[in-house]
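# A closer look at the structure
What follows is each chain in one-letter form.
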Amino acid sequence: IAAADREKALVADARLTHTEVEDARAAQRAMEERHSAKINRLESTVEECLATAQHHQEEARRVEQERNEAQRAHAASVDAFEKQIAAGAVRLADQEASAARHKTEFDQLHAADQRALQEGVEERGTIRAQIAEADAAQAGLIIELEEGEAQ
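Summarised in this report is the structure supplied together with it. (Residues numbered from 1 in each chain as written. Predicted model: local features only at pLDDT ≥ 70, side-chain atom pairs only at ≥ 80, totals over all residues. Heavy atoms only, no water.)

What follows is about the overall build of the protein. Across its full length, the protein holds 2 helices and 0 strands. Radius of gyration (C-alpha) of the protein: 33 Å, far over the 15 Å computed for a compact globule of 151 residues. Seen through its C-alpha atoms, the protein measures out along the principal axes to roughly 110 × 15 × 15 Å. Split into buried and exposed, the 151 residues of the protein put 18% on the buried side. A total of about 10,800 Å² of accessible surface is found on the protein, and carbon and sulfur atoms cover 54% of it. Each charge class in the protein was averaged separately, 19 positive and 32 negative side chains, and the resulting centres sit 6 Å apart. (Helix = DSSP H or I, 4+ residues; strand = E, 2+ residues; numbered from the N terminus. Rg over C-alpha atoms; globule rule 2.2 N^0.38 Å. Buried < 20%, exposed > 50% of the residue type's maximum accessible area, 1.4 Å probe, protein only. Areas by Shrake-Rupley, 256 points an atom, 1.4 Å probe, with all protein chains shown as cover. Lys, Arg positive; Asp, Glu negative; His and termini not counted. Charge placed at Lys NZ, Arg CZ, Asp CG, Glu CD.)

Following this line, the structure appears as structure tokens:
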């Protein structure tokens with residue numbers, strides 16, 4: 001009777017360990033899905049920043065082209081020419097300031113995502129270690145159960 005009780009306890013422990021392993025695997029899958037979502041958001045943010053930067057470059061080129069055309073045309077007066085240059089410089093300064101803000105925002109987002117990614121890597125290592133421990137414990141219990149059956 002004592003041997004049967006012991007065997008039942010070993011079987012129950014093996015089931016519990018198996019459940020813990022499954023729980024750890026489910027947690028790892030959930031974590032990987034969260035990290036995948038974060039990476040997707042980062043990629044989307046990068047694409048938006050690149051599109052914005054390209055727009056700003058095109059706008060700066062357009063402003064520069066307008067200024068060059070105004071210099072070549074130089075038709076009306078020096079005052080009108082200086083006003084166009086000043087307007088172009090203001091727009092260019094605004095574009096550069098906007099581009100600098102976007103770069104700063106991107107750098108901050110990138111740094112935060114890198115930290116989150118590193119935390120995820122560390123969490124994954126911990127979960128893998130827990131799974132390995134649970135697998136080893138389960139294997140030990142199975143061996144004990146088999147030895148108990150052999151006796």
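There is more to say, and it comes next.
As a further point, take helix α2 (residues 78-150). Between the first and last C-alpha of α2 there are 105 Å, a value that for 73 residues agrees with the 108 Å anticipated at 1.5 Å per step. For α2, the set of buried residues is F81, G88, Q95, S98, A116, G120, I127, I131, A134, Q138, L141 and L145. (Expected span 1.5 Å × (residues − 1).)

What follows concerns the environment of A12. Looking at the secondary structure, you find A12 in helix α1 (residues 2-73). Classification of A12 by relative accessible area gives partly exposed; the value is 40%. Linking A12 and L141, residues 129 residues apart in sequence, is a C-alpha distance of 9.9 Å.

Moving on to a negative patch on the surface. A cluster of like negative charges, contributed by E7, E144, E146, E147 and E149, occupies part of the molecular surface. Take the negative patch: its biggest share by element is 4 residues, from α2. Among the secondary structure elements, E149 is positioned in helix α2. (Patch = residues over 30% accessible without salt bridge, like charges linked within 9 Å, V, L, I, M, F, W, Y side chains within 5 Å. Salt bridge = Lys/Arg side-chain N within 4 Å of Asp/Glu carboxyl O.)

As a further point, take the environment of E43. Along the chain, E43 falls in helix α1. E43 sits 24 residues away from R67 along the chain, and the two C-alpha atoms are 36 Å apart.

Before going further, it helps to spend a moment on the pattern of salt bridges. Scanning the entire structure with this criterion turns up 5 salt bridges. The shortest N-O distance in the salt bridge between E66 and R62 comes to 2.2 Å. Of this pair, E66 and R62 both sit in helix α1, 4 residues apart, roughly one helical turn. E66 sits in the partly exposed class, given a relative accessible area of 32%. Between R67 and E64 there is a salt bridge, with the nearest N and O atoms lying 2.8 Å from each other. Here the residue R67 and the residue E64 both occupy positions in helix α1, the gap between them amounting to 3 residues, near one helical turn. Note on R67: relative accessible area 34%, which makes it partly exposed. By sharing partners, the salt bridges in this structure join E59, R62, E66 and R91 into a single network.

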